[in-house]
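# Tertiary structure, described
Each chain, letter by letter, is given below.
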Amino acid sequence: GQQLNQSPQSMFIQEGEDVSMNCTSSSIFNTWLWYKQEPGEGPVLLIALYKAGELTSNGRLTAQFGITRKDSFLNISASIPSDVGIYFCAGQLGGSQGNLIFGKGTKLSVKP
Amino acid sequence: NAGVTQTPKFRILKIGQSMTLQCTQDMNHNYMYWYRQDPGMGLKLIYYSVGAGITDKGEVPNGYNVSRSTTEDFPLRLELAAPSQTSVYFCASSYTLGEQYFGPGTRLTVT
């Protein structure tokens, strides 16, 4: 099946640092979504991107839809302890019935 | 709005038993989805529905069945539970293509 390569797999950072993670694929996507999942909970939508080149912010989070439509990036600025969790990218192929393909996640740990 | 609700939260099954995982959404969304999440992995699509009366297979449908008799409900049925079905199951819904909203999950163990 289709695959998304998400990196890094995990990150250990100091509070206040900025964080970057990305997803790449060999396929072209119409939509990119970024989710955060905390232990024992379902994924929570952070940012949705619908156009190539689109740059969207949600508080300290900024995500971009890559120009080639094969990648997306998520940045978190000035990280805080509550940013801890697993961040997933998800892409939606054109012509699909809304089906999302998920990356394997980036586990973020923040040291106070 | 409660959003997407799932029951039960936890369940332990013996091999060969059957059960239904319940999913309800109160957002009047047309699209509903079932995913499974295994440790260290992303979510994989089991089944989806684009509206009441319409269902289709996702990436990993074997061993599962679904029905969609109403807009609100999308139950997932396991007929003969197997250890390979030990996982966390998430239901999601969306109004149209794009943003999907997830329930809290059902953690299932088959022994």
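Since we're looking at a predicted model, the values are computed, not measured.

### As for unusual backbone geometry
Comment: phi is negative for the bulk of residues other than glycine, and the bulk of peptide bonds are trans. Along the chain, Ser7(A) connects to Pro8(A) via a cis peptide bond; the corresponding omega equals -5 degrees. Following the sequence through the fold, Pro8(A) ends up in the loop between strand S1 (5-7) and strand S2 (10-14). Following Thr7(B), the chain continues to Pro8(B) via a peptide bond in cis, the omega torsion being -5 degrees. If you trace the backbone, Pro8(B) turns up in the loop between strand S1 (4-7) and strand S2 (10-13).

### Description of the state of the cysteines
Taken as a whole and assessed by the stated rule, the structure comprises 2 disulfides over all chains. A disulfide bridge connects Cys23(A) with Cys89(A), and the sulfur atoms are separated by 1.7 Å. Between Cys23(A) and Cys89(A) the sulfur-sulfur dihedral comes to about -80 degrees; the bridge is accordingly left-handed. Of this pair, Cys23(A) sits in strand S3 (residues 19-24) while Cys89(A) sits in strand S9 (residues 85-93), and the two are 66 residues apart along the sequence. On the basis of relative accessible area, Cys89(A) is assigned to the buried category, the value being 0%. Between Cys23(B) and Cys91(B) runs a disulfide, and the two sulfur atoms are separated by 1.8 Å.

### Section: the side chain of Gln85(B)
Residues and elements named next belong to chain B. Looking at where Gln-85 falls in the secondary structure, it is placed in the loop between strand S8 (76-78) and strand S9 (87-94). Gln-85 gets classed as buried once you look at its relative accessible area, which sits at 5%. If sequence neighbours within four positions are ignored, Gln-85 has contacts with Arg-36, Asn-62, Gly-63, Tyr-64, Leu-78, Leu-80, Leu-108 and Val-110.

### Description of the interface of chain A and chain B
Between chain A and chain B, the contact holds 21 residues from the first and 21 residues from the second. Buried area between chain A and chain B, both sides added, is near 1,700 Å², and the carbon and sulfur share of it is 55%. Counting across the interface, chain A meets chain B through 0 salt bridges. At the boundary of chain A and chain B, one finds 4 residue pairs in polar contact (both at pLDDT 80 or more). Only strand S4 (29-37), strand S5 (44-49), S9 and strand S10 (100-102) of chain A provide two or more residues apiece to the side of chain A that touches chain B. Among the elements that take part in the side of chain A that touches chain B, S4(A) stands out by supplying 4 residues, more than any other.

### Points about the layout of surface pockets
Estimates place the volume of the largest pocket at around 560 Å³. For the largest pocket, the lining is made up of 31 residues, of which Gln37(A), Ile86(A), Gln37(B), Pro39(B) and Arg107(B) are closest to its centre. Elements that contribute at least two residues to the lining of the largest pocket include exactly S9 and strand S11 (106-111) of chain A together with S9 and strand S11 (106-110) of chain B.

### What to know about the sheet that holds strand S7 (residues 64-66) of chain B
Residue and element names in this part refer to chain B. Spatially, 4 strands are ordered S1-S3-S8-S7 in an open sheet, and the strand pairing comes out antiparallel. What marks the edges here is a single partner per strand, and that holds for S1 and S7. Each strand of the sheet is rotated relative to its neighbour by a mean of 20 degrees, with strand direction disregarded.

### Some words on the pairing of S9(A)
All names here are of chain A. In terms of burial, S9 is largely enclosed, as 7 of its 9 residues are buried. Sheet topology note: the S4/S9 ladder contains 8 bridges and is antiparallel. In the sheet register, Trp-32 faces S9, and the bridge partner there is Gly-91. Relative to S11, S9 is paired through 3 bridges, and the arrangement is antiparallel. Bridge pairing in S11 places Gly-85 opposite Leu-108. Two strands pair when backbone bridges link them, and S9 and S10 are joined in this way by 3 bridges, in the antiparallel orientation. Opposite Ala-90, over in S10, you have Phe-102 as the bridge partner.

What counts and what doesn't
Residues numbered from 1 in each chain as written. Chains lettered and ligands numbered in written order. Predicted model: local features only at pLDDT ≥ 70, side-chain atom pairs only at ≥ 80, totals over all residues. Heavy atoms only, no water. Helix = DSSP H or I, 4+ residues; strand = E, 2+ residues; numbered from the N terminus. Disulfide = S-S within 2.5 Å. Buried < 20%, exposed > 50% of the residue type's maximum accessible area, 1.4 Å probe, protein only. Contact = heavy atoms within 4.5 Å. Buried area = accessible area lost by both parts, 1.4 Å probe. Salt bridge = Lys/Arg side-chain N within 4 Å of Asp/Glu carboxyl O. Polar contact = N/O pair within 3.5 Å; in protein donor to acceptor, adjacent residues only side chain to side chain. 1 Å grid on protein atoms, 1.4 Å probe; cavity = no way out; pocket = protein on both sides within 12 Å on 5 of 7 lines; lining within 4 Å. Points joined across faces, edges and corners; volume = space filled by probe spheres on them. Pairing = 2+ DSSP bridges. Axes fitted to C-alpha atoms, helices over the stretch in contact; angles between N-to-C directions.

Read these as geometric descriptors, not functional statements.
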